[in-house]
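Observations on the three-dimensional arrangement
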Amino acid sequence: MIYPYKDKNPKIDPSVYIADNVFITGDVTIDAETTIWFNTVIRGDVAPTIIGKRCSIQDLSCLHQSPNNPLIIEDEVTVGHQVTLHSCVIKKRALIGMGSIILDGAEIGEGAFIGAGSLVPPGKKIPPNTLAMGRPAKVIRDITPEDREDMDRIIREYVEKGQYYKSLQK
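Quick caveat, the model's predicted, so the values are computed rather than measured. (Residues numbered from 1 in each chain as written. Predicted model: local features only at pLDDT ≥ 70, side-chain atom pairs only at ≥ 80, totals over all residues. Heavy atoms only, no water.)

**Observations concerning the overall build of the protein**
Just so we agree on the cut-off: Put simply, DSSP H or I for four residues or longer makes a helix, DSSP E for two residues or longer makes a strand, and each gets a number counted from the N terminus. Using C-alpha atoms as the atom set, the radius of gyration is obtained and then compared with a globule rule of 2.2 Å times the number of residues to the power 0.38. Exposure categories follow from relative accessible area, calculated using a 1.4 Å probe and restricted to protein chains: below 20% of the type maximum is buried, above 50% is exposed, and the middle band is partly exposed. Surface exposure here means Shrake-Rupley accessible area, sampled with a 1.4 Å probe, where a residue is shielded only by the protein chains that are shown. The charge count treats Lys and Arg as positive and Asp and Glu as negative. His and the chain ends do not count. Taken as the charge centre is NZ of Lys, CZ of Arg, CG of Asp or CD of Glu, depending on the residue.
If you tally the helices and strands in the protein, you get 1 helix and 20 strands. Relative to its length of 170 residues, the protein is compact, with a C-alpha radius of gyration of 15 Å against a globular reference of 15 Å. By principal-axis analysis of the C-alpha atoms, the protein measures approximately 45 × 35 × 20 Å. For the protein, with 170 residues in total, the buried portion stands at 45%. Entry remark: accessible area of the protein is about 8100 Å², with carbon and sulfur atoms responsible for 55%. In the protein, the 20 positive side-chain charges and the 22 negative ones have mean positions that sit 3 Å from each other.

If you want it as structure tokens, here you go:
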């Protein structure tokens, strides 16, 4: 369901796939070929939420912000199942593993991989092209070519799945 919040209406590219039982409200922008999966909540009722092209926001995720602190997700980001993102910046081609929590002012570098169940505390910067995990998240190693191949496969497959499911909604 898509709702305005006061004078703010979500802006969603027509190519975006939005699954059943998704709630999107307020100052939210979602760019082309992104997929928003079942039972996800995206709120833009405190500050803007900006989601780039070809992103995947997977089932049961929650996206929100603090006052004057937007949530920014750049292009080709994968957000795993049951992830919470709050007033953070996720750079291009990063992957946020299932069940992770990324808090206010944190920044996940381009091409970084956050392992499942990780907690990235407020203000923490994860460098580009690294694997970080834990509670709190710590950099473990650099991303390997095999990691990148798998991350690229996930981006590609979720765009394809989204377009398939979108064709069923017509």
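Resuming the write-up.
**Comments concerning the packing of aromatic side chains**
Formally: Any Phe, Tyr or Trp ring, taking Trp's six-membered ring, that has another such ring centre within 6.5 Å forms a pair; planes under 30 degrees apart are called stacked, those over 60 apart edge-to-face, and the others tilted.
Taken as a whole and assessed by the stated rule, the structure comprises 7 aromatic pairs. Between Trp 37 and Phe 38, the aromatic rings sit 6.0 Å apart at their centres with planes inclined by 55°, giving tilted as the arrangement. Ring centres of Trp 37 and Tyr 158 lie 5.6 Å apart, and the angle between their planes is 80°; this geometry places the pair in the edge-to-face category. Highlighted residues: Trp 37 in the loop between strand 5 (35–36) and strand 6 (41–51) and Tyr 158 in helix 1 (residues 145–168), separated in sequence by 121 residues. Assigned by exposure class, Trp 37 and Tyr 158 land together as buried. Members of the aromatic cluster, connected to one another through ring pairs, are Tyr 17, Trp 37, Phe 38, Tyr 158, Tyr 164 and Tyr 165.

**What about a nonpolar patch on the surface?**
Note the following rule: Patches here: salt-bridge-free residues with over 30% relative accessible area, like charges joined within 9 Å, nonpolar side chains (Val, Leu, Ile, Met, Phe, Trp, Tyr) joined within 5 Å. For salt bridges, the criterion is a side-chain nitrogen of Lys or Arg within 4 Å of an Asp or Glu carboxyl oxygen.
A cluster of nonpolar side chains, namely Met 1, Tyr 3 and Phe 23, defines an oily patch on the protein surface of about 300 Å² accessible area. Since its relative accessible area comes to 55%, Met 1 is described here as exposed.

**Digging into the pairing of strand 6**
Selection criterion: Between any two strands, pairing holds if DSSP finds at least two bridges.
Bridge count between strand 4 (residues 23–30) and strand 6: 7 bridges; the pairing is parallel. Considered in strand 6, the bridge of Phe 23 is made with Val 41. Relative to strand 8 (residues 62–64), strand 6 runs parallel, the two sharing 2 bridges. In the sheet register, Val 41 faces strand 8, and the bridge partner there is Cys 62.

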